[in-house]
Amino acid sequence: MLDPAVARILLGGDLDFNPDELYCRYEQERRLRVRSEGSAQYTGAAGAFAHFGEDPWITDPIDREPITGHSSTIIIGGGFGGLVTAARLRGAGFDDVRIIESAGDFGGTWYWNRYPGAMCDIEAHIYMPMLEEMGYSPKHRYAYADELFAYSQSIGRRYGLYDRACFQTTVQSAVWSTASARWTLTTDRGDHLSCNYLVIAAGRQSLPKLPRINGIGDFGGHIFHSCRWDYEHTGGNAEGAGLTGLVERRVGVIGTGATALQIVPPLATYAEELLVFQRTPSAVGPRGNCPTPPDWVQDQQPGWQRRRRVNFQRHITGSMPDVDEVGDGWTDFNKQIQLKRNMLESSVGRTVTDEEFDAARRLLDYRLMNHVRDRIDQFVPDPETASALKPWYRWMCKRPGWHDDYIPAFARPNVRLVDTHGRGVDGFTPSGVLVGDIEYKVDTVIFATGFEAAISYTELLGFDPVGASGRSLSQHWTPQVRTWFGLMTDDFPNCFFVGNNQQTGAAVNATHTIEEQALQLSHVIGALQSHGGSVVVPTVDAVDDYISVLGEHVNRDLIQFHAECTPGYFNNEGRATKNEELFSGGRFADPLIYFGMLEEYRAHGKLTGLEVS
Ligand code: NDP
């Protein structure tokens, strides 16, 4: 506990809350939610639930003959990771890059997530990749899903990626042959393809998950998952307009995470009655979206997007530049903490210890969450509903959300919060949703229950690449993931991983990581070719060295922080016991250190740590 005088300096006055009470309340709420089955409480869209994962966007199913042939590069995944990498490689002269994508088009998470109100809560000017090259100005400060999807398509068109793309195609195997120095791939369409370079850019937000509860198949109404929205049933569009199919229906939404925050307001506008089934409330702050001023992008200096991303990240990690360029909810809390630390140090005339800083941080966190909770009372007149919407955990225990219309939606007469007090929904009847023994009658159910987060990398891929020694990637990564910069691994020549994977940096803005990795990847391939080589693989020593450097930069305290958090996919449903088991674990706590190492590597121009042949 902090000295009361120090606390007064920090908070600018006396404590107006009791930290011990809050600590106990958070702990009570956490205990209420921890389940012995952990992630096994969920099921993926497989077997009897496979239809929840089917692609609703394909209007024109592809019926084609199997393809055989060779490309310099095959990229698995056509989201921003695959697209940016392909664009960089096209820029480096590779004109035969082939992207293989299970969906019907480019876009990744923005292909799948087209639910009403879908948008990105990272500022569009730092989130949308390659804005400068594309000469594009985001329409709003926070972009809507249809713009992000259309933008993905325009990257595909600009870099000529459509011609060789294989959509509606799933890779089934990838095997390296040392004799031919190639990867050979097979797909579910009978394709036999080969390439010199294999890039795996599979994102984590396309596979829906459902609660493993009874009776889903017995429900007689209409039911689907948020990332496979059924517009035939609801009518309307991703802007949230025209959901006229719901005007005479009782609609149930299960889940109250980042997705539900965006879905609830448009549903509340159209549904005759909307029931929101809540297990744990989200922490919701104001959004304040607005159009991008007409000349905003043109007025920026070259290199602005990268600088703005760095500025954003520096405010999040606490090494603050003077100006907070993005200045939103993501940067605000960390900025406040750092400012308070500086203020505290100048008041007490010495450096604060880590213990003091942790205690100070906890107090500021309590106060921030008090603001989040108090804000709800301004919008929701019914005290019981307002109270149930209040989150009792620390900031960043769960992904924070921002929306101006979510909380006010609960003031509408047709919207009802069904607070399950941490229990969740228990099952279905033919005509409704069960919470305990109580049946809530509904006509339409929408699962906003998130994505498969607890599966391994190769489960996510749906195949297990085989490296030079004949071992699979999952075997190679047992007991531990092994990478060089999170980008390559020993024994898997010419194979690159792109995305916010383990052993990269824990960046909130995923496209920041993607763009830095794509630069690194094209640098490695370019340098390889200028050395006259065609095969590149990190040495065992280089991988070991990287893992040991990474170990010095992982935030070991994070596991303690998450141990006190209410369960969710961030902390492996409350069961993570080591940093690597956290969703963002096993990564550089400060992604700028990671990006800096990549940049330094590129600057020295040698292929240190890589075996070239
Ligand atoms: P989440 O996993 O964040 O949320 C799932 C929700 O379902 C939680 O509220 C969870 O409750 C609830 N739930 C699970 N099981 C039950 C049950 N049996 N009964 C009732 N409720 C249940 O999924 P989202 O789709 O909301 O978000 C996933 C991720 O997608 C985000 O964290 C974010 O990374 C990304 N996203 C990003 C957006 C952006 O703007 N960039 C927008 C939307 C999503 P509990 O909390 O108790 O587990």
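Since we're looking at a predicted model, the values are computed, not measured.

**Q** Please explain the overall build of the protein chain as it appears in this structure.
**A** Check the secondary structure of the protein chain and you find 20 helices and 20 strands. Projecting the C-alpha coordinates of the protein chain onto the three principal axes gives extents of approximately 70 × 65 × 50 Å. Within the protein chain, the fraction of its 613 residues that count as buried is 56%. Counted over contacts in the protein chain with a minimum sequence separation of 6, partners at least 24 positions apart contribute 70%. Counting only carbon and sulfur atoms, one obtains 49% of the accessible surface of the protein chain, whose full area is about 24,900 Å². Here the protein chain holds 56 positive side-chain charges and 77 negative ones, and the gap between their average locations is 1 Å.

**Q** Where do I start with helix α1 (residues 4–11) in this structure?
**A** Residues separated by three or four positions in an α-helix point in the same direction, a consequence of the helix having 3.6 residues per turn. Burial in α1 covers these residues: V6, A7, L10 and L11. What you see down the axis of α1 is that its buried residues fit within an arc of 120°, all on one side. Next to the buried residues of α1 lie α11 (329–348) and α12 (354–379). At the C-terminal side of α1, G12 shows a positive phi close to 70°.

**Q** I'm lost on the sheet that holds strand β15 (residues 432–435) in this one. Help?
**A** Through backbone hydrogen bonds, the strands of a sheet pair up, either in parallel or in antiparallel fashion. Spatially, the 3 strands line up as an open sheet ordered β14-β15-β16, and their pairing is antiparallel. Here the strands that pair on one side only, and so sit at the sheet edges, are β14 (427–429) and β16 (438–441). If you compare each strand with its neighbour and ignore which way they point, the axes differ by 35° on average. As paired elements, β15 and β16 share 4 bridges and run antiparallel to each other. When the bridges of β16 are listed, G432 appears paired with K441.

**Q** What exactly am I supposed to notice about the pattern of salt bridges here?
**A** A side chain with one charge can pair with a side chain of the opposite charge if their charged atoms come near. Throughout the structure, instances matching the rule amount to 26 salt bridges. With a closest N to O distance of 2.9 Å, K335 and D324 form a salt bridge. Of the two residues, K335 is situated in helix α11 and D324 in the loop between α10 (304–317) and α11; the sequence distance between them amounts to 11 residues. Judged by its relative accessible area of 15%, D324 is buried.

**Q** I keep staring at the sheet that holds strand β13 (residues 415–419) and nothing clicks. Help me out?
**A** In space, the 5 strands of this open sheet follow the order β8-β17-β9-β10-β13, with parallel pairing throughout. Since the sheet does not close on itself, it has two edges, and those belong to β8 (222–225) and β13, each with one partner. Between one strand axis and the next, the sheet turns by 20° as a mean value, whatever way the strands run. The pairing of strand β9 (residues 250–254) with strand β17 (residues 444–447) spans 4 bridges and is parallel. What sits directly across from I254, in β17, is F447. Running over the sheet, helix α9 (residues 258–270) touches β9, β10 (273–278), β13 and β17 and is turned about 160° from β10.

**Q** Can you walk me through the environment of P381 in this structure?
**A** Counting through the fold element by element, P381 comes out in the loop between α12 and α13 (383–388). Separated by 125 residues in sequence, P381 and T256 have C-alpha atoms that sit 20 Å apart.

**Q** Would you mind showing me how to read the pairing of strand β2 (residues 68–76) here?
**A** One face of the sheet, then the other: side chains in a regular strand alternate in exactly this way. Pairing between β2 and strand β6 (residues 192–200): 8 bridges, direction parallel. Directly across from H70, in β6, lies its bridge partner S194. As paired elements, β2 and strand β3 (residues 98–100) share 3 bridges and run parallel to each other. Paired with I75 across the bridge in β3 is I99.

**Q** What is the right way to look at the side chain of T420 in this model?
**A** The residue T420 is located in the loop between β13 and β14 in this model. Once residues within four sequence positions are removed from consideration, T420 is found in contact with Q278, R279, V425 and V435.

The rules behind these values
Residues numbered from 1 in each chain as written. Predicted model: local features only at pLDDT ≥ 70, side-chain atom pairs only at ≥ 80, totals over all residues. Heavy atoms only, no water. Helix = DSSP H or I, 4+ residues; strand = E, 2+ residues; numbered from the N terminus. Buried < 20%, exposed > 50% of the residue type's maximum accessible area, 1.4 Å probe, protein only. Contact = heavy atoms within 4.5 Å. Areas by Shrake-Rupley, 256 points an atom, 1.4 Å probe, with all protein chains shown as cover. Lys, Arg positive; Asp, Glu negative; His and termini not counted. Charge placed at Lys NZ, Arg CZ, Asp CG, Glu CD. Arc of directions from axis to C-beta. Pairing = 2+ DSSP bridges. Axes fitted to C-alpha atoms, helices over the stretch in contact; angles between N-to-C directions. Salt bridge = Lys/Arg side-chain N within 4 Å of Asp/Glu carboxyl O.

All we've got here are geometric facts, nothing functional implied.
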